[in-house]
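Next come the chains, spelled out residue by residue.
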Amino acid sequence: MQNLSNSSLQSTELSPEKTEISLYNDTLAGPKDIIDASVRVKKAFPALPKSFYDTFDDRIRDKGFTVQRLKDAVNYVIDNCQYPTPTIANFISYDRTVKFKTYDEMCKEALTSDSIWREWLAVKYPDMPKTVWVHANDVHKYNLQKYVIANG
């Protein structure tokens, strides 16, 4: 969790339907990373047409994949694809995320739970417009302590 400014958090807007943040925060995948991933996919799935890789490249770039997320996505699809060949969606849908709550959601839950403010910690990610609350277990599990705001 070194540099969240290069992650898929970049210019993230907090919208009512968004409840998760990607945990990938390394550098964005560049041409060499995408070529390396394409080579691995080609070795694992030799029947994929050439046109697959052009679309694969475009979608990886458009989705702002980081180097590690791309590697993990390729590994996941190679390990778990149950059909003869994967789809682009099998790769671009892969992500590791953590759920969060907004201040308004925290206030609503506080009406029925005395412990909500102890169970969820205020977290401020770089490039995020607002503070969000992440469950304390996830803060520890994903080593997010450096983003926790004291007395959120």
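Conventions adopted
- Residues numbered from 1 in each chain as written.
- Predicted model: local features only at pLDDT ≥ 70, side-chain atom pairs only at ≥ 80, totals over all residues.
- Heavy atoms only, no water.
- Helix = DSSP H or I, 4+ residues; strand = E, 2+ residues; numbered from the N terminus.
- Expected span 1.5 Å × (residues − 1).
- Buried < 20%, exposed > 50% of the residue type's maximum accessible area, 1.4 Å probe, protein only.
- Arc of directions from axis to C-beta.
- Contact = heavy atoms within 4.5 Å.
- Axes fitted to C-alpha atoms, helices over the stretch in contact; angles between N-to-C directions.
- Parallel < 35°, antiparallel > 145°, perpendicular 65-115°, else oblique.
- Salt bridge = Lys/Arg side-chain N within 4 Å of Asp/Glu carboxyl O.
- Left-handed = near helix turned anticlockwise from the far one by under 90°.
- Core = buried A, V, L, I, M, F, W, Y, C linked by side-chain atoms within 4.5 Å.
- Phe/Tyr/Trp six-rings, centres within 6.5 Å; stacked < 30°, edge-to-face > 60°.
- Lys NZ or Arg CZ within 6 Å of the ring centre and 35° of its normal.

A.B. asks: Got a sec to walk through helix α1 (residues 31-44)? Specific residues and values, please.
C.D. replies: Over its 14 residues, α1 runs 20 Å from end to end, which matches the ideal 20 Å to within 8%, given 1.5 Å per residue. Along α1, the positions that sit buried rather than exposed are Ile-34, Ala-37, Ser-38 and Val-41. Around the axis of α1, the buried residues are gathered within 105° of arc, so they sit on the same side. Of the residues in α1, the exposed ones pointing more than 90 degrees away from the buried face are Lys-32, Ile-35 and Lys-43. Buried positions along α1 lie against α2 (50-62), α3 (67-80) and α4 (88-92).

A.B. asks: Any details on the packing of α1 against α3? Residues and values, ideally.
C.D. replies: In contact at an axis separation of 10 Å, α1 and α3 are set at 5° when each is read in the N-to-C sense. What the angle tells us is that α1 and α3 run roughly parallel. Only Val-67, Leu-70, Lys-71, Val-74, Asn-75 and Ile-78 of α3 make contact with α1, whose side of the interface consists of Asp-33, Ile-34, Ala-37, Arg-40, Val-41 and Ala-44.

A.B. asks: A description of the pattern of salt bridges should follow, citing residues and the corresponding values.
C.D. replies: The full count for this structure, using the stated rule, is 6 salt bridges. Measuring nitrogen to oxygen at the nearest pair gives 2.9 Å for the salt bridge that ties Asp-36 to Lys-32. Of the two residues, Asp-36 and Lys-32 both sit in helix α1, 4 residues apart, roughly one turn of that helix. For Lys-32, a relative accessible area of 59% puts it in the exposed group. Among the ionic pairs, Glu-109 bridges to Lys-101, the shortest N-O distance being 2.6 Å.

A.B. asks: Give me the packing of α1 against α2: which residues, what numbers.
C.D. replies: Between two packed helices, the angle of one axis relative to the other and the distance separating the axes together describe the packing. As a packed pair, α1 and α2 sit with axes 11 Å apart at the nearest point and diverge in direction by 135°. Taken together, α1 and α2 sit at an angle that is classed as oblique. The handedness of the crossing between α1 and α2 comes out as right-handed. On α2, the residues that touch Pro-31, Ile-34, Ala-37, Ser-38, Val-41 and Lys-42 of α1 are Phe-52, Tyr-53, Phe-56, Asp-57, Ile-60 and Arg-61.

A.B. asks: Quick one: what's the story with the nonpolar core, residue by residue and with numbers?
C.D. replies: Judged by nonpolar contacts, the single largest core of 20 residues is most densely connected at Val-41, Phe-52, Phe-56, Ile-60, Leu-70, Val-74 and Phe-91. For Val-74, the residues in contact, after removing those within four places along its chain, are Ala-37, Arg-40, Val-41, Phe-56 and Phe-91. Residues Met-128, Val-132, Leu-144 and Tyr-147 belong to the second largest nonpolar core, which totals 13 residues.

A.B. asks: Any chance you could break down the packing of aromatic side chains for me, citing the residues and the numbers?
C.D. replies: The relative placement of two aromatic rings is captured by the distance of their centres and the angle of their planes. In total, this model carries 9 aromatic pairs according to the counting rule given. Between Tyr-76 and Tyr-94 the ring centres are 5.2 Å apart and the planes differ by 35°, which places this aromatic pair in the tilted class. With Tyr-76 in helix α3 and Tyr-94 in the loop between α4 and β2 (97-99), the pair connects residues that are 18 residues apart, well separated along the chain. Using a relative accessible area of 43% as the deciding quantity, one classes Tyr-76 as partly exposed. One aromatic cluster is present, built from ring pairs that chain together Phe-52, Tyr-53, Phe-56 and Phe-91. Note that Lys-101 overlies the ring of Trp-120, its terminal NZ or CZ placed 4.6 Å from the centroid.

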